[in-house]
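A look at the structure
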Amino acid sequence: MSEHAITLDLNQKSVHVTVAADAFLVDVLRDKLALMGTKYACGMGECGACTVLLDDEPVFACLVLAVETEGRRVITVEGLGANGALHPLQRTFADRGAVQCGFCTPGMLVSAAALLARDPHPDEPRIRAALSGNLCRCTGYTKIVEAVQAAAELG
Ligand code: FES
Ligand code: FES
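All of the points below concern the structure found in this document. Computed from a prediction, not measured in an experiment: that's the story for all the values here.

Let's shift gears to the overall build of the chain. Helix and strand content of the chain: five helices and five strands. Secondary structure elements in the chain, listed N-terminal to C-terminal, are β-β-α-β-β-β-α-α-α-α. Dimensions of the chain along its principal axes, counting C-alpha atoms only, are 45 × 30 × 20 Å. Counting across all 155 residues of the chain, residues that qualify as buried make up 45%. Taking as baseline every contact in the chain between residues at least 6 positions apart, the subset at least 24 positions apart corresponds to 54%. Total accessible area on the chain is roughly 7,900 Å²; 52% of this is exposed by carbon and sulfur atoms. Here the chain carries 13 positive and 18 negative side-chain charges, and the mean point of each set is 6 Å from the other.

Below you can see the structure in the form of structure tokens.
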């Protein structure tokens, strides 16, 4: 399989990486760029564990070819915070017991961050709709929704 040199804006930094034409973004993030926050589970766009932002929109990194990110902006869970501080969602997820095993958490955080960026004060149905592509086997979702509401209140 041919290799391609690509440049993308990853977590606010310009990154150059060589990828196979058929390499998925989740694998490049984890295996080539050591960003292990993005999780791999189903590999089929069913669970949301691999969610990242591509030009500010949540996408499943297991379905996006790395070459598609050439010249585009990617944010992973590692890039959600600013200036070394946690994103408010990262604080409220921890404070509100929205994290159990944690496997879904990076994808949840990324989807929730995208929601709050476009809709700073979502009601519960909108939160649940925004997180509907992210599966959690542990929490029953209630504490996750509460954590998103608490982050929205922090502004
Ligand atoms: S690993 Fe990508 S959606 Fe499940
Ligand atoms: S906290 Fe375990 S899958 Fe969500």
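The next subject is the packing of helix 2 (residues 88-95) against helix 3 (residues 105-118). In contact at an axis separation of 10 Å, helix 2 and helix 3 are set at 130° when each is read in the N-to-C sense. Between helix 2 and helix 3, the interaxial angle falls into the category oblique. Here helix 2 runs over helix 3; the crossing is right-handed. Side by side, helix 2 and helix 3 meet where Leu 89, Gln 90 and Phe 93 of the first sit next to Thr 105, Met 108, Leu 109, Ala 112, Ala 113 and Leu 116 of the second. A breakdown of the residues in the contact of helix 2 with helix 3 according to their chemical character gives seven nonpolar, two polar and no charged.

What follows deals with the pattern of salt bridges. A full pass over the atoms with the stated rule returns five salt bridges. In this structure, Arg 73 engages Asp 56 in a salt bridge whose closest nitrogen and oxygen atoms are separated by 2.6 Å. Of this pair, Arg 73 sits in strand 5 (residues 73-75) while Asp 56 sits in the loop between strand 3 (51-54) and strand 4 (57-60); the two residues are 17 residues apart in sequence, bridging distant segments of the chain. We classify Arg 73 as partly exposed; its relative accessible area is 32%. Its relative accessible area of 44% is what places Asp 56 among the partly exposed residues.

Turning our eyes to something else, we now look at the sheet that holds strand 1 (residues 3-10). The mixed open sheet is built from five strands, whose spatial order is 2-1-5-3-4. For this open sheet the edge positions go to strand 2 (13-20) and strand 4, each flanked by a neighbour on one side alone. Taken pair by pair, the neighbouring strands of this sheet meet at an average axis angle of 45°, ignoring direction. In this sheet, strand 4 lies alongside strand 3 in antiparallel orientation, the contact comprising four bridges. Note that in strand 4 the partner of Leu 53 across the bridge is Pro 58.

Let's shift gears to the nonpolar core. One recurring pattern in soluble globular proteins is that nonpolar side chains are buried together. Membership of the largest hydrophobic core comes to 25 residues, with the highest contact counts inside it found for Leu 80, Leu 89, Phe 93, Met 108, Leu 131, Ile 144 and Val 148. Broken down by element, this core gets its largest block of residues, eight residues, from helix 3. Lining this core are residues from two domains, each supplying at least three of them: domain 1 (3-79) and domain 2 (88-154). Among all residues touching Met 108, those that are not within four sequence positions of it are Phe 93, Leu 131, Asn 134, Leu 135, Cys 136, Tyr 141 and Ile 144.

Further remarks concern the side chain of Thr 51. Relative to the elements of secondary structure, Thr 51 occurs in strand 3. What makes Thr 51 buried here is its relative accessible area of 3%. A distance of 2.6 Å separates a polar side-chain atom of Thr 51 from the backbone oxygen of Gly 48. One polar contact links Thr 51 to Asn 134, side chain to side chain, over a distance of 3.4 Å.

About the cut-offs
Residues numbered from 1 in each chain as written. Chains lettered and ligands numbered in written order. Predicted model: local features only at pLDDT ≥ 70, side-chain atom pairs only at ≥ 80, totals over all residues. Heavy atoms only, no water. Helix = DSSP H or I, 4+ residues; strand = E, 2+ residues; numbered from the N terminus. Buried < 20%, exposed > 50% of the residue type's maximum accessible area, 1.4 Å probe, protein only. Contact = heavy atoms within 4.5 Å. Areas by Shrake-Rupley, 256 points an atom, 1.4 Å probe, with all protein chains shown as cover. Lys, Arg positive; Asp, Glu negative; His and termini not counted. Charge placed at Lys NZ, Arg CZ, Asp CG, Glu CD. Axes fitted to C-alpha atoms, helices over the stretch in contact; angles between N-to-C directions. Parallel < 35°, antiparallel > 145°, perpendicular 65-115°, else oblique. Left-handed = near helix turned anticlockwise from the far one by under 90°. Nonpolar A, V, L, I, M, F, W, Y, C, P; charged D, E, K, R; others polar. Salt bridge = Lys/Arg side-chain N within 4 Å of Asp/Glu carboxyl O. Pairing = 2+ DSSP bridges. Core = buried A, V, L, I, M, F, W, Y, C linked by side-chain atoms within 4.5 Å. Domains from an automatic or database assignment. Polar contact = N/O pair within 3.5 Å; in protein donor to acceptor, adjacent residues only side chain to side chain.

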